[in-house]
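# Structure at a glance
This is what each chain is made of:
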Amino acid sequence: MTSQALHRAAAQETLDGERLADPRRLGLWAALVGLFAVAASAAGSWIPSLWGDEAASLMSATRPLPSLVHMLSYVDAVHGLYYFGLHAWIDVFGSSAFSIRFPSAVAMGVCAAAVVWMCGRFGTLRFAVLAGVFTAILPRLIYAGEEARSYAMTAALAAVLCAILVEIGRRDSRARGAWIAYSAVLTVGIWLFLYFALMVPALAVIVLCSAPLRRRWRAAAASTAAALVLASPLAWFGYMQRRQIAFIGQRESITPEVLLRNMWFQEWWFAVIAWALILVAVIFFAREAVRIRRSGAPLGMRLETVALSWMVLPMGILVAASPFVSGYTARYGTFSAPAVAIMMALGVRRLARLPRRWLGTTLAAVSVAAVVIAAVPVAVSQRGPYAKNQSDWNDIAAFISANAVPGDGIVFDDGARPSQRTRLAKATDPTAFRNVTDLLLKTPFQKSYTWYDQTYGIPRASGMGRFDGVDRVWVVELKFSGVEDTWGLEQLQSLGYHETRRVDGAGSVILLYER
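Residues numbered from 1 in each chain as written. Predicted model: local features only at pLDDT ≥ 70, side-chain atom pairs only at ≥ 80, totals over all residues. Heavy atoms only, no water.

### Considering the overall build of the protein
- Each helix and strand counted, the protein has 23 helices and 10 strands in total.
- Taking 515 residues into account, the globule formula puts the C-alpha radius of gyration at 24 Å, and the protein, at 26 Å, falls close to it.
- Overall, the C-alpha framework of the protein stretches about 85 × 50 × 45 Å when taken along its three principal axes.
- Of all 515 residues assigned to the protein, the portion counted as buried reaches 54%.
- Taking the intrachain contacts of the protein between residues at least 6 apart in sequence as the baseline, contacts between residues at least 24 apart amount to 76%.
- Within the structure as shown, the protein displays about 22,200 Å² of accessible surface, and the carbon and sulfur contribution to it stands at 63%.
- Across the protein, the mean location of the 49 positive side-chain charges is 15 Å away from that of the 34 negative side-chain charges. (Helix = DSSP H or I, 4+ residues; strand = E, 2+ residues; numbered from the N terminus. Rg over C-alpha atoms; globule rule 2.2 N^0.38 Å. Buried < 20%, exposed > 50% of the residue type's maximum accessible area, 1.4 Å probe, protein only. Contact = heavy atoms within 4.5 Å. Areas by Shrake-Rupley, 256 points an atom, 1.4 Å probe, with all protein chains shown as cover. Lys, Arg positive; Asp, Glu negative; His and termini not counted. Charge placed at Lys NZ, Arg CZ, Asp CG, Glu CD.)

### Observations concerning a nonpolar patch on the surface
- A cluster of nonpolar side chains, L28, W29, L32 and L35, forms an exposed patch at the surface whose accessible area comes to about 390 Å².
- On the secondary structure map, L32 appears in helix α2 (residues 23-42).
- Taking the relative accessible area as the measure of exposure, L32 reaches 40% and is therefore partly exposed. (Patch = residues over 30% accessible without salt bridge, like charges linked within 9 Å, V, L, I, M, F, W, Y side chains within 5 Å. Salt bridge = Lys/Arg side-chain N within 4 Å of Asp/Glu carboxyl O.)

### What about the nonpolar core?
- F265, M344, I400 and F433 are the most contacted members of the largest nonpolar core, which totals 142 residues.
- Element by element, the count of residues in this core is highest for helix α9 (residues 151-170), at 15 residues.
- Leave out the neighbours within four places in its chain, and M344 touches F134, L138, F265, F270, A274, L277, I278 and V371.
- Judged by nonpolar contacts, the second largest core, of 16 residues, contains V411, Y456, L492 and L511. (Core = buried A, V, L, I, M, F, W, Y, C linked by side-chain atoms within 4.5 Å.)

### Describing the side chain of D392
- Looking at where D392 falls in the secondary structure, it is placed in the loop between α19 (357-382) and α20 (393-403).
- Of the side chains with opposite charge, K479 lies nearest to the buried D392, which makes no salt bridge, at 7.1 Å.
- In this view, D392 contacts S49, Y386, G505, A506, G507 and S508; residues no more than four positions away in its chain are not counted.

### Concerning the environment of F399
- Relative to the helices and strands, F399 resides in helix α20.
- Accessibility expressed as a relative area gives 14% for F399, which makes it buried.
- F399 sits 104 residues away from V503 along the chain, and the two C-alpha atoms are 9.4 Å apart.
- The contacts of F399, once residues within four sequence positions are left out, are A404, W474, R501, V503 and I510.

### Observations regarding the packing of aromatic side chains
- Scanning all chains against the criterion turns up 23 aromatic pairs.
- Here the aromatic rings of F265 and F270 are separated by 6.0 Å at their centres, their planes lie at 25°, and the arrangement is stacked.
- Each member of the aromatic cluster is reached from another via a ring pair, and the members are Y151, F193, Y195, F196, Y332 and F335.
- One Lys or Arg, R287, reaches over the ring of F284 and ends 5.7 Å from the middle of that ring.
- Above the plane of the ring of Y452 lies R421, whose end atom (NZ or CZ) is 5.6 Å from the centre. (Phe/Tyr/Trp six-rings, centres within 6.5 Å; stacked < 30°, edge-to-face > 60°. Lys NZ or Arg CZ within 6 Å of the ring centre and 35° of its normal.)

Put into C-alpha cells, the structure is as follows:
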C-alpha cells in the first residue's frame, strides 16, 4: 500500500463516531504544540534564583571531566548521565540560569509533541492538541521545564516510550526497529533517573491489556529485559550511594495533600479541577469497559489503559514502598505527569460527548477555560525571584558585588544542609564575589570528592591566620520559613568583630562585621 493510501486509510478510521487525526496534520500540530510547550516553559525561566538541586547540576557539570568522574564514584551517580550532557551543553551555550534551564524546556516540547501524536492515534486532532496543551501547562511539568534537573527529560522519554508502544500495537509487522527504539528509550530513561525503571510495571500492564501487544509479549519482555540489563550498573551505584537520599524520609511525609496536590498540581484550585476531570474520565471509561465486556467484544487498546497505568503504577509503587525505603519526593512524579494531562483531556472529551450536546459542549468549554485560567497564576508564581525554595542567591550576589571592597572577607552559613548553604550563591556566580576572600574555604568543589565545597570552622581558620589583617567580614546567614540562622556569630565576636550593618533578604540575612 502506498504512503498516500495509508494516510487515507488512517484518516477514515473512526472511534465512537469520531474521525481520527490524519497523520500528516497530526505531525504538524505535534510540532506546533511542542514549540508552544518550549516557549511556555522557557518564558521567565531566567528570573528565579538557582536553588540547591540546580546548584548541584551546575557545579557538577562545570567540573573538569576527570573531576566529575571522580565525584560520581562517591555521590550522585544516578544523575551522572544528565551531568555529562549538561557539561557538553555549557561548553557550547554557557552557564547562565536561562541556558542551563533551557534543555528542560526543549524536553517539555518533545514531551508535549509525543502526547499529541499518541493521542491523535486514539481521537480527533482537536482532542490530541488539547492533551498536548494540557501537558504544556500542567504545573508539575511547566515547573520541570524551567529547572536545571533531569525531570523534564524523564517526562519526555516516558511520553516517547508510550507513543512507541502504541505505534507497535497498531502495526501488523514485527516492528523490530520499533522494539529496539523502545529498549533504547527505556535504557536512557533509567540512566537519567533510576526510578524511571518504575515505568516497567506500567508498560507491562499496557502490553497485557492490549491484544495486539499481548501477541508480542515475548518481544516486549526481551526488549524490557535488555534495557534493565544495560541499566543494571546504575542500579548498583544507586544502591551503594543510597544513604545520599536517606534524609528524604524525614523531610517529606506522604500525606493526602502531598499526593493530591503537591505531586502534580501545586495549588488546590488547580487540583480540584484536574481531579474532577480525571474522575469523569475514569467513571465513563469504567462503565464503557463493563458494557464491552458484557457484550463479549474485546476492549482493544485504549488510551485510558495507557494513561491510567502510566499515571498510577509508578508512583503507586514508590508511595507504597516509602515506609520501607526513603525514596519519595513530589518531583519524582514528574515522569507520570503527562499521563495526568491525558486523563484530564479524556475527561473533557467525555463531557463533550454527553447526550445533550449543548450541555456537553458547554461543560467541556468551561472545563478547558478553567484549566487554562487556573494554570496561569501557578506558572507566574513559579517564575518569581524567590520561587525555588526561597532561594535569593541572585540578591546575595548582587549585593556583595555592589558593596564589598578588595580586602573584605566573607563567611557563609555552614550550619545548614549542603543544598541550602548560602555559599552556593558564590559557587554559582563566582564573579560577583571577586572582591572578597572566602575565609573558611578548604577545598573548592572542583577538587572535592562531593559536589560542594569543603570548609574549615571559624576557630580552625582563625588559627591558620585566615582572619589576620581582615577588618571587614561579610556574613551570609540562611533564613528559611522565617527562621534565621546565627551560625558562627559568637565565634566572630570572640575574634573582636561586631555587627555594623544588616540587610534582610527573602531567604538570607547579610551582615557586616568589623573590628
